[in-house]
Structures are given as structure tokens and as C-alpha cells.
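Examining the three-dimensional arrangement
Each chain, written out:
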Amino acid sequence: MNPSRRNPLISMLWDWIGVVPFFVFITAFLIFPSLNLFSGAFKDANGNFTFTNLNFFTDSYVIKSYITSLQVSVITSVVGGIFGFMVAYAIVLGRTPRWMRNILTTFSGLAANFGGVPLAFSFIATLGRTGFITAILKNICYNGADGSAVCPFNPYDNGFNLYSLLGIVLAYTYFQFPLMVLTITPALQGLKRDWREASENLGASSTYYWMNVALPILWPSILGAMILLFGSAFGAFATAQALTGGSLALVTILIGQQIRGDVLGNPNEGYALALGMVVIMAFTIAGYTLLKRRTARWLKV
Amino acid sequence: MKKLFKIDVWAWFWGILALLYFFLPMYGTLDFSLRMQKGQISFLAYQTVLADPQFMESFRYSVIMGLISVSLSVILFVPTVYWIYLKLPNLRPVMEAITLLPFIIPVIVYVFGLIRTFSGPPFELTLTPFKTDILITAGYIVLSMPFMFRAIDVGMRAIDVRTLTEAAQSLGSNWFQVLFDVIFPNLRVAILSGALISFALVMGELILGDFLVRPALGPYMVLVGRDHAYEPAALAIISYALTWVCLGLIMYFSRGKNTQQLTGR
């Protein structure tokens, strides 16, 4: 009947049989394609092993794309991180009415999931050339000295352009700060009331408490959450593609162009480009995991 | 007292700023989507979108692919996670790490790998639409894996897998009955959460459909966004409504637990 009763070896194999479908699937459709791609990074056109593909990381076009991607990711994770932290603070510790806290929490859960093409459309409808905020600002006019209308607030006359790095930062922030709210809220909830009371009893001001008690406890969580935001921006493609039509050369956009038409002129260099991304992402997730482990001891309830 | 007042202002300031950031783009999109007819509010943009046969086709395609890949994903994950809880608890961290891989490998890199591996001989999975659909289904399952695993893992942790299994077996159930009559019903909410979030992900997915050249909703939206002004806003509203319904249902079914981020950006 049950083979496990008979032989320890068969019993062990029997124990593993239930996970075979999953591992076969994952190997076929995730592990194998990924390794296959990365191995391409170390092959030349004839399939021989080589490191020359990595040389093109000195190519100015490639370097520029990495710099742009890093810029976008760092800016949005820091801006979104600080903004999100403040919002989480308002939700958890601020004396705001319940309805506001509920709306903020619910919308963070929703907006952290927004992204992709629709988000780009929303920002075009809001801050694009004919967007509604643009229209409002454009129509703030007064009559100048010569009688002609002067409209000093048109953002597009003042150097603003949605279809640029700044636009991407604005759009990414839409999902970045709610993501920060979601990840940092448990840490803020873990701040014990006793700590604040103890420091107040010892004569500490609010600022002193934050600088010397709360933030030192929170900083691994904050840094970890920001690293998570960094990763979420670094791998993003759809929003940037739909917003700028591929004119802003992020690494993801460059990889997309490489898949479509081998713009680098060498498929193997494309694989190296992709490998570079994964290496950065791997470091990112490793950093996040380490910091999360570090905070776990404080946040045990 | 003065200090308390100051803290309130601070919290209000950030709260209101966040609400503005949430609502202004939503309002802008809605406003824009209703202004296709000059000088008046109308649903013309929505009518145009809904009357476009290409929209209907891509919507249908994404719904069908979503249903297929979510069903397969549930069938793949529930037994696997169940088995790990029952027989191989040491494997759980390994599986958790594997299911997080789609966060480390950006989707654009992943699709690059799929194309390099499966488009040439011996697989040639991109030659016919049907074969490509097999590939894209596998891709959707992989992309939704972190959410599906998390949801089922949380559900599985909440029930006593071993006791339930032993009880069912001592009453004469076979493995199939244990899974479908005992484990599945006990995981209803978890499976539903995982399924809804994965479905929402497939509906909003751009990269797989775009680069494997299948008529999914994401590529259609990009196409419309390139040539039209008002229809994209209407499409965005439709897409948000879909996501909100899916996530709203999850929140309704699993009150108290938080959802995680999902979309392939």
C-alpha cells in the first residue's frame, strides 16, 4: 500500500514526488531561460566563452542608460521613501481623524499596485501639455504693461516637461510612496509607547526622542524599505515606455529595443546588459533581506 | 500644548499632500476621459473604446489567458505548498526564495530569456499563435508566482495541515479527496486572494504580450496611447476599475490582512 512503510530510500523518493511538478515547471520556464540568457553574456558570436561582451559596459551609451536608471531609482526611492514615511507617520502616530487614516491606508494598498501603462496615461491627462493641472496653471493670466495677456505659470514655458526624467520621477512616485507606507507602517507600529514616555520622563524633547531613540531603531527598516523601492523602480519598464515612448534611455528601455531590433549590433552584448540588471537587483534584494532580519528583533510584539 | 498642536499640523500636511497625490491624477484622468466631445461632458471616449473591435478582442484575449493561467497556477501551487507543509517543511524557505525570483529578474529581462530560449530550435514556441500562448501562459504563471505563493502560504499556515490530512485519511480518504474535499475548501479565501491578484496582474501586463506579440490588453493600450488623445484616459479608467474590483474583493474577503504590490511596471 503506502510505499513509505517498506524502504527508507523509496520513502524518501515518495516524499519528494509531490514537489516534482513545481520544480520541473520552474526549471523549464524560469531557471533554464534565465541561465541560458546569462550564459549568452559570456559567449561570442560563435558560441565560444569570452569576457569581451562585458567590455561594452564602457560604451558611453550603455553607461548613460545605467546612470539614468540609477538616477530615476535613487531619486524616486528617496523622495518616495521620505514622503511615504511621513504619510505612514501621519497614519500611525499623527492625530488625524479616523476617516483620513482609513482613506490613506486603503489608497496606499491600491496605489502601490498601480503602474504600467494606465499610470502613464493618468499623468499625461493631468500634467501633459493639455492635462488639467497644466490647463489651470496656463490660464492664470494678467494683462501686461502693453495690454497683452501674460501667463507666467505655464509649466511648459518654465522648462517643465512630463515626457522626461522629471515626469518619470513624478509618475513613479505615485506607486513608490504608497509602497513605502505599506512597508514602513509595521515598523512604526512597533515603536513602543514606553520608549517615548521613558525619554520624556528623562526630559527629552520630541526632537531629541526622534533623533536619539526612534530613528536609530527605525533606520534599518527605513533603509530596507527604500532599497525595496529602488528595486521596484529599477526594473520598471511599462510606465516609462508609455510615458516617453522610449525616448528616455533607461536600461529596461534599451533592453526592450535590443529585443526588438538588436540596436547594440551584437545579441550577446544585450545579454550582458540584462545580466548587469539582475546583478544589481540581486544585491538590492540581498540588502533588503539583511536589513529586514536586523529589524526583526525590535519588531517582535 | 503648543507642541501637540504642531504635531497635528504636520500630520495633516502630509496626509493632505498624499490625498492630493492620490486623487489629482485620478480626477485628471476621469475629467479627460469625459471631454472627447468639445464643450460638453460625454461618454464618447468610452463608447469609442468599447465599439473598437480590437479592444474587445484584446480584452477577451487577456480575460481568457488570465483565467487559464490563474487556474493552472492554483492547480500547480496548492498541491505543492500542501505537500511541502506536510512532508518537507525544510523546503519551505527554498520555495519562498524561488518564488521571489521574479522580483529579482525584471520582466523585460525575463521575456528576453524566454525569447532567446524558446524562439529557436528545438522548441520553436513562437512560431504559431497557439504555441506562443503556451509560452505566455507559463510566463504569466511565473510572474504571478510571488503573489500566489504568498497568499497560499499564509492560508496554509492558518490551518493544521497534518491533523486535517490524518483525520481525512483515517476516515478513508485518498490523496485526491484530501486535497479537493479538505484542503481546497479550507483555503478558499487564500486561493481567491491569490487568484484575484494574479488575474489583475495578467489584465494589466504589458511586457509579455508586447514582446511575444500577442493581442493582450497591455499592448493594445500602448497602441491607442500612441495615436489618440481621449481614449487612453478612458482605457486607464477601465483598467483602474478592473484592478480596484479585484483588490476590493480581496480586501472584502480577507479583512485585516494587507495586500502586497503587484503590477509589472
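Scoring rules and cut-offs
- Along each chain, residues carry numbers from 1 onward, in the same order as the chain's sequence is written.
- Throughout, the order in which chains and ligands are written sets their labels, letters from A for the former and numbers from 1 for the latter.
- The predicted origin of the model limits local features to residues at a pLDDT of at least 70 and limits the giving and counting of side-chain atom pairs to 80 or more, whereas totals for whole chains, interfaces and linings rest on all residues.
- Helix and strand labels come from DSSP, where a helix needs a run of H or I of at least four residues and a strand needs a run of E of at least two; each type is numbered from the N terminus.
- When we talk radius of gyration, it's over C-alpha atoms, and the globule rule is simply 2.2 Å times the number of residues to the 0.38.
- Labels follow a simple rule on C-beta atoms placed from the backbone: if 20 or more others lie within 10 Å of a residue's own, it is buried; if 12 or fewer, it is exposed; otherwise it is partly exposed.
- Note that contacts rest on C-beta atoms placed from the backbone: two residues are in contact if these are within 7 Å.
- Take the residue count of a helix, subtract one, and multiply by 1.5 Å to get its expected span.
- Polar here means any residue outside two lists: the nonpolar Ala, Val, Leu, Ile, Met, Phe, Trp, Tyr, Cys and Pro, and the charged Asp, Glu, Lys and Arg; Gly therefore counts as polar.
- By definition, a nonpolar core groups buried Ala, Val, Leu, Ile, Met, Phe, Trp, Tyr and Cys residues that connect through C-beta atoms lying within 7 Å of each other.
- A fitted line through C-alpha atoms represents every axis, and for helices the fit uses only the stretch in contact; the resulting angles, taken between N-to-C directions, go from 0 to 180 degrees.
- Any angle from 65 to 115 degrees is called roughly perpendicular, while one under 35 is roughly parallel, one over 145 is roughly antiparallel, and all others are oblique.
- In this scheme the crossing of two helices becomes right-handed for a clockwise turn of the near helix relative to the far one and left-handed for an anticlockwise turn of less than a right angle.
- For every residue, the predictor states its confidence as a pLDDT score lying anywhere from 0 to 100.

Regarding its fold elements, chain A presents 13 helices and two strands. Against the 2.2 N^0.38 benchmark of 19 Å for 301 residues, chain A shows a C-alpha radius of gyration of 25 Å, more extended than a compact globule. Looking at the 301 residues of chain A, the share that counts as buried comes to 41%. Residue pairs in contact within chain A that sit at least 24 positions apart in sequence constitute 73% of those at least 6 positions apart.

Broken down by element type, chain B carries 13 helices and zero strands. Helices and strands in chain B line up, N terminus first, as α-α-α-α-α-α-α-α-α-α-α-α-α. Overall, chain B is about 75 × 70 × 30 Å in size when its C-alpha atoms are taken along their principal axes. Counting every position in chain B, which comprises 265 residues, the buried fraction comes to 48%. The contacts of chain B with a sequence gap of at least 6 include a subset with a gap of at least 24, amounting to 75%.

Bringing helix α6 (residues 107-118) of chain B into the picture now. Taking 1.5 Å per residue, 12 residues should reach 16 Å; α6 of chain B reaches 16 Å between its end C-alpha atoms and fits that length. For α6 of chain B, a buried count of 10 out of 12 residues is recorded, marking the element as mostly surrounded by other parts of the structure.

Listed by partner, the interface residues are 67 residues for chain B and 66 residues for chain A. The residue makeup of the side of chain B that touches chain A, split by class, is 45 nonpolar, 16 polar and six charged.

It is worth spelling out helix α12 (residues 251-261) of chain A at this point. Residues and elements named next belong to chain A. When you tally the buried positions in α12, you get eight out of 11 residues, the bulk of the element. Looking only at α12, the buried set comprises Val-251, Thr-252, Ile-253, Leu-254, Ile-255, Gly-256, Gln-258 and Ile-259. Two residues or fewer after α12 comes Asp-262, characterised by a positive phi angle close to 50 degrees.

Core analysis: the largest hydrophobic core is formed by 159 residues, its most contacted members being Val-87 and Ala-274 of chain A together with Val-111 and Ile-152 of chain B. Broken down by element, the residue count for this core peaks at 14 residues, all from helix α7 (residues 129-158) of chain B. Among residues more than four places away in sequence, those in contact with Ile-152 of chain B are Phe-77, Val-78, Val-81, Leu-187, Ala-190, Ile-191 and Gly-194 of chain B.

All names here are of chain A. Tracing the backbone through its elements, the reader meets Ser-77 in helix α4 (residues 60-92). Classification of Ser-77 as buried rests on a count of 27 C-beta atoms within 10 Å. Measuring from C-alpha to C-alpha, the distance between Ser-77 and Ser-232 comes to 8.8 Å, with 155 residues separating the pair along the chain. Those residues in contact with Ser-77 that sit more than four places away from it in its chain are Gln-176, Met-226, Leu-229, Phe-230 and Ala-233.

Right, let's talk about the packing of helix α6 (residues 116-127) of chain A against helix α8 (residues 165-189) of chain A for a bit. All names here are of chain A. The geometry of α6 relative to α8 is characterised by a closest axis approach of 10 Å and an angle of 120 degrees between their N-to-C directions. Classified by the angle between their axes, α6 and α8 sit oblique to one another. For the pair α6 and α8, the crossing hand works out as right-handed. In this structure, α6 uses Leu-119, Ala-120, Phe-123 and Leu-127 to contact α8, whose residues at the interface are Gly-167, Leu-170, Ala-171 and Tyr-174. For the contact of α6 with α8, a count of residues per class yields seven nonpolar, one polar and no charged.

The next subject is the environment of Val-178 of chain B. Residue and element names in this part refer to chain B. Relative to the elements of secondary structure, Val-178 occurs in helix α9 (residues 175-186). Between the C-alpha atom of Val-178 and that of Gly-28, which follows or precedes it by 150 residues, the distance is 52 Å. With residues up to four places along the chain from it excluded, the contact list for Val-178 reads Thr-165, Ala-168, Gln-169, Ser-173 and Ile-183.

With that settled, the discussion passes to unusual backbone geometry. Residue and element names in this part refer to chain B. Positive phi values are uncommon outside glycine, yet Glu-124 reaches one of about 50 degrees. Topologically, Glu-124 is positioned in the loop between α6 and α7. Phi is positive for Val-213, close to 55 degrees, though the residue is something other than glycine. A tally of 12 C-beta atoms within 10 Å means that Val-213 is categorised as exposed.

Our next topic: the confidence of the model for chain B. All names here are of chain B. For chain B, the mean per-residue pLDDT works out to 88, and 93% of the residues sit at or above 70. By mean pLDDT, helix α1 (residues 2-33) is the weakest element of chain B at 84, and helix α3 (residues 53-86) is the strongest at 95. Scoring the predicted complex yields pTM 0.87 and, for the interface, ipTM 0.86.

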